[in-house]
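The residues making up each chain are set out below.
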Number of protein chains: 2
Amino acid sequence: MRPPDDLRAAFEAYLETLTFAPELGSLDEALRYALEPGGKRIRPVLCLAVAEAAGGTVEAALPAAAAVELVHTFSLVHDDLPGLDDDAERRGRPSAHVAFGEGVAVLAGDALLAEALRLAVSYDDPRIARELVEATLGMIGGQHRDITGDDRDLAEVERLKTGSLFSASVGLGLRVAGVPEAGQRPWRAFADELGVLFQVVDDLLDEDGFALRLGVEGARHLADDAADRARERLSAIRADTSVLRALVDGMAVRTG
Amino acid sequence: MRPPDDLRAAFEAYLETLTFAPELGSLDEALRYALEPGGKRIRPVLCLAVAEAAGGTVEAALPAAAAVELVHTFSLVHDDLPGLDDDAERRGRPSAHVAFGEGVAVLAGDALLAEALRLAVSYDDPRIARELVEATLGMIGGQHRDITGDDRDLAEVERLKTGSLFSASVGLGLRVAGVPEAGQRPWRAFADELGVLFQVVDDLLDEDGFALRLGVEGARHLADDAADRARERLSAIRADTSVLRALVDGMAVRTG
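*Asks:* I keep staring at the overall build of chain A and nothing clicks. Help me out?
*Replies:* The helix and strand inventory of chain A stands at 11 helices and two strands. Starting at the N terminus, the α and β elements of chain A follow one another as α-α-α-α-β-β-α-α-α-α-α-α-α. Whereas a compact globule of 256 residues would reach a radius of gyration of roughly 18 Å, chain A reaches 18 Å, a difference of no more than 12%. Taking the principal axes of its C-alpha atoms as reference, chain A extends roughly 50 × 45 × 30 Å. Of all intrachain contacts in chain A linking residues separated by at least 6 positions in sequence, the fraction that spans at least 24 positions is 69%.

Okay, here's the thing in structure tokens:
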């Protein structure tokens with residue numbers, strides 16, 4: 001089993017070799033900018049780790065992992081737009097709309113989503129693309145609830161905004177590894193807890209969301225519970241899930 | 001063979017029954033608004049007509065036809081945004097960003113693209129989704145050239161912006177009908193001419209693009225030539241292409 005840092009390095013190397021549709025012309029530059037290192041790559045690393053733990057290969061899962069990361073990046077590019085969250089910075093650099101202009105940022109996000117789906121349909125199993133598309137729609141629905149203030153149920157908004165793509169990261173890893181539907185349930189239960197853990201820790205670091213609703217102590221408690229449940233879910237899986245356990249441990253104590 | 005109006009009615013009826021991902025919640029309303037009747041539905045009608053002429057059924061082609069129309073609609077919603085073409089009206093009504101706000105319009109466009117791909121991956125043949133995704137990337141690349149002024153070659157910009165999706169409309173119809181790659185060439189040659197015809201007539205009606213570059217007479221000449229070549233291409237196809245011929249004739253003389 002390759003440790004998380006090794007998977008991350010394999011993913012970065014794959015991303016560097018990835019080519020986009022030539023028809024995009026110079027828009028390619030904006031896609032590369034948005035995808036540049038600096039992100040935690042937690043979703044693709046999760047996808048690769050699940051694929052390997054479930055008996056598949058990292059190599060076979062790389063396009064799926066990239067598809068998930070491209071969907072995530074598309075959502076960041078669009079969420080940063082003035083009409084949405086209006087964020088001028090992303091990972092310490094000007095966000096895409098500041099660097100390239102609003103129109104180009106809209107198109108770059110569109111192209112990232114389309115490229116993600118091109119990667120997903122590069123597999124002959126249509127269920128891979130179906131799962132990614134459904135997760136994308138869940139994520140968009142969550143973002144819509146968020147910006148329209150229809151977020152009375154914060155847990156539901158976060159489940160859609162963050163959980164959908166975490167769930168797809170795990171689901172795509174399982175599908176690439178050829179795990180039958182019936183055997184996917186315990187892995188997916190793990191994904192749900194990991195999504196909650198990630199989001200609550202994120203809110204603690206950003207001092208928003210659950211940290212505002214529940215206070216720092218309440219949110220910390222929620223995160224610890226989710227981490228415990230994620231570890232329990234892993235124990236129920238009959239496979240070497242040591243790398244996934246390391247991901248849970250790292251996520252529970254992350255500070256950035 | 002069902003005439004164009006009949007195909008259009010079948011398409012509208014299908015679109016009305018089409019449901020979107022429940023996770024989209026109230027964003028659904030913005031998607032419906034953008035998709036409401038008023039458009040010519042030329043791409044889906046083309047897709048359905050090709051499917052039927054090539055030996056398939058209209059019913060089997062309806063999801064593919066809708067996928068193409070959703071990609072087209074997604075591009076209109078995003079192109080109308082202030083950061084792009086900044087159009088406040090579309091088909092005589094407030095455009096989506098005016099009716100729903102900019103943020104919601106961005107998300108509605110994203111959701112339309114994702115829903116289009118959901119329809120495309122509902123087929124087990126992955127080549128259907130692959131073709132749609134590639135056409136979408138071509139279209140986005142054309143729009144990027146257009147807004148960045150990198151449009152010295154107007155024919156190339158239009159081939160990408162309009163031609164990509166016309167080509168996919170025909171290609172998806174062929175794939176749904178099960179036409180093998182080798183037999184697709186004459187149909188695709190027809191699609192290329194039809195795309196040019198559509199775009200040049202569009203420019204004549206809008207008094208821009210080719211009409212500005214070549215003058216009204218020059219553009220009219222270009223359109224007539226494309227219509228002639230489209231009819232020639234149809235004559236080379238061994239199938240009942242009478243409905244496609246009617247589409248060419250209608251397109252050549254359309255006034256709106």
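*Asks:* Help me understand helix α4 (residues 58-79) of chain B, please; the structure alone is not making it clear to me.
*Replies:* Note that an α-helix has 3.6 residues per turn; residues three or four places apart therefore point the same way. Residue and element names in this part refer to chain B. Compared with the 32 Å implied by 1.5 Å per residue over 22 residues, the 30 Å span of α4 between its first and last C-alpha is a close match. Along its length, α4 reaches its greatest deviation from straightness, about 25°, at A64. In terms of burial, α4 is a largely internal element, 19 of the 22 residues being buried.

*Asks:* How should I be thinking about helix α9 (residues 181-206) of chain B in this particular structure?
*Replies:* All names here are of chain B. Under the 1.5 Å per step criterion, the end-to-end length of α9 is 36 Å for 26 residues, consistent within 8% with the ideal 38 Å. Of all bends in α9, the biggest is about 30°, found at W187. E207 occupies a position one or two residues after α9 and carries a positive phi of about 55°.

*Asks:* Please clarify how the interface of chain A and chain B should be interpreted in this entry.
*Replies:* It is common to give the size of an interface as the accessible area that goes away when the parts come together. Between chain A and chain B, the residue contacts involve 39 residues of the former and 39 residues of the latter. When residues of the side of chain A that touches chain B are assigned to their parent elements, the largest contribution, 14 residues, is made by helix α7 (residues 126-147) of chain A. Of the residues belonging to the side of chain A that touches chain B, the class tally is 20 nonpolar, 10 polar and nine charged.

*Asks:* Even after reading the chapter, I still don't get the packing of helix α3 (residues 42-53) of chain B against helix α8 (residues 154-176) of chain B, so can you show me in this structure?
*Replies:* Helix-helix packing is characterised by the crossing angle of the two axes and by the distance between the axes. Residue and element names in this part refer to chain B. For the pair α3 and α8, the least separation of the axes is 7 Å and the interaxial angle reads 30°. If you check the angle between α3 and α8, you find them roughly parallel. Seen from above, α3 lies across α8 with right-handed handedness. Of α8, the residues touching α3 (which contributes R43, L46, C47, L48, V50 and A51) are L165, F166, S169, V170, L172, G173, L174 and V176. Looking at the contact of α3 with α8 residue by residue, the class counts come to 11 nonpolar, two polar and one charged.

*Asks:* Can you walk me through unusual backbone geometry in this structure?
*Replies:* For residues that are not glycine, phi is negative in most cases, and the peptide bond is trans in most cases. The backbone phi angle of A:E207 is positive, close to 55°, even though this residue is not glycine. Its place among the elements puts A:E207 in the loop between α9 (181-206) and α10 (210-235). Of note, the phi angle at B:D86 is positive, near 50°, even though the residue is not glycine. When you line up the elements, B:D86 lands in the loop between α4 and β1 (89-90).

*Asks:* Help me understand the relation of the copies chain A and chain B, please; the structure alone is not making it clear to me.
*Replies:* With an RMSD of 0.0 Å, chain A superimposes on chain B once it is rotated by 180° and translated 0.0 Å along the axis. The two molecules are tied by a two-fold rotation axis, judged by turn and shift. Looking at the rotation axis and the C-alpha trace of chain A, the residue lying nearest is A:P126, at 3.2 Å. When you check the interface residues of chain A against chain B, 100% turn up at the interface there too, and the contact is symmetric in its surfaces.

*Asks:* Mind showing me how you'd approach the packing of helix α2 (residues 28-35) of chain B against helix α6 (residues 102-120) of chain B here?
*Replies:* Residue and element names in this part refer to chain B. Two numbers describe how α2 lies on α6: the axes approach to 9 Å, and their chain directions differ by 75°. Classified by the angle between their axes, α2 and α6 sit roughly perpendicular to one another. Residue-level inspection shows A30, L31 and A34 of α2 in contact with α6, the latter providing V104, A108, A111 and L112. Considered class by class, the residues forming the contact of α2 with α6 number seven nonpolar, no polar and no charged.

*Asks:* I tried to follow the environment of A:A239 on my own but got confused; where do I start?
*Replies:* Residues and elements named next belong to chain A. Along the chain, A239 falls in the loop between α10 and α11 (242-253). Expressed as a C-alpha distance, the spacing of A239 and G55, which sit 184 residues apart in the sequence, is 8.5 Å. Those residues in contact with A239 that lie beyond four places of it in its chain are A53 and A54.

*Asks:* When you look at the confidence of the model for chain A in this model, what are you seeing that I'm missing?
*Replies:* Any residue range with low pLDDT should be treated as having predicted coordinates unsuitable for detailed reading. The predicted model of chain A averages 95 in pLDDT, with 99% of residues at 70 or higher. Across the interfaces of the predicted complex, the ipTM metric reaches 0.96, alongside a pTM of 0.96.

*Asks:* Is there a simple way to think about the environment of B:R254 in this case?
*Replies:* Residue and element names in this part refer to chain B. Within the fold, R254 resides in the segment after α11 (242-253). Judged by local crowding, R254 falls into the partly exposed class, with 15 C-beta atoms found within 10 Å. In this structure the C-alpha to C-alpha distance between R254 and V201, which are 53 residues apart in sequence, comes to 7.7 Å.

*Asks:* Which parts of the structure should I look at to understand the environment of B:E89?
*Replies:* Residue and element names in this part refer to chain B. Structurally, E89 is set in strand β1. Measuring from C-alpha to C-alpha, the distance between E89 and A99 comes to 9.7 Å, with 10 residues separating the pair along the chain. Those residues in contact with E89, other than ones at most four positions away along the chain, are P94 and S95.

Reading the values: rules and limits
Residues numbered from 1 in each chain as written. Chains lettered and ligands numbered in written order. Predicted model: local features only at pLDDT ≥ 70, side-chain atom pairs only at ≥ 80, totals over all residues. Helix = DSSP H or I, 4+ residues; strand = E, 2+ residues; numbered from the N terminus. Rg over C-alpha atoms; globule rule 2.2 N^0.38 Å. Contact = placed C-beta atoms within 7 Å. Expected span 1.5 Å × (residues − 1). Bend = angle between axes of the 7 residues up to and from the residue. Buried ≥ 20, exposed ≤ 12 C-beta atoms within 10 Å, placed from the backbone. Nonpolar A, V, L, I, M, F, W, Y, C, P; charged D, E, K, R; others polar. Axes fitted to C-alpha atoms, helices over the stretch in contact; angles between N-to-C directions. Parallel < 35°, antiparallel > 145°, perpendicular 65-115°, else oblique. Left-handed = near helix turned anticlockwise from the far one by under 90°. Least-squares fit on C-alpha atoms with pLDDT ≥ 70 in both. pLDDT = per-residue confidence, 0-100.

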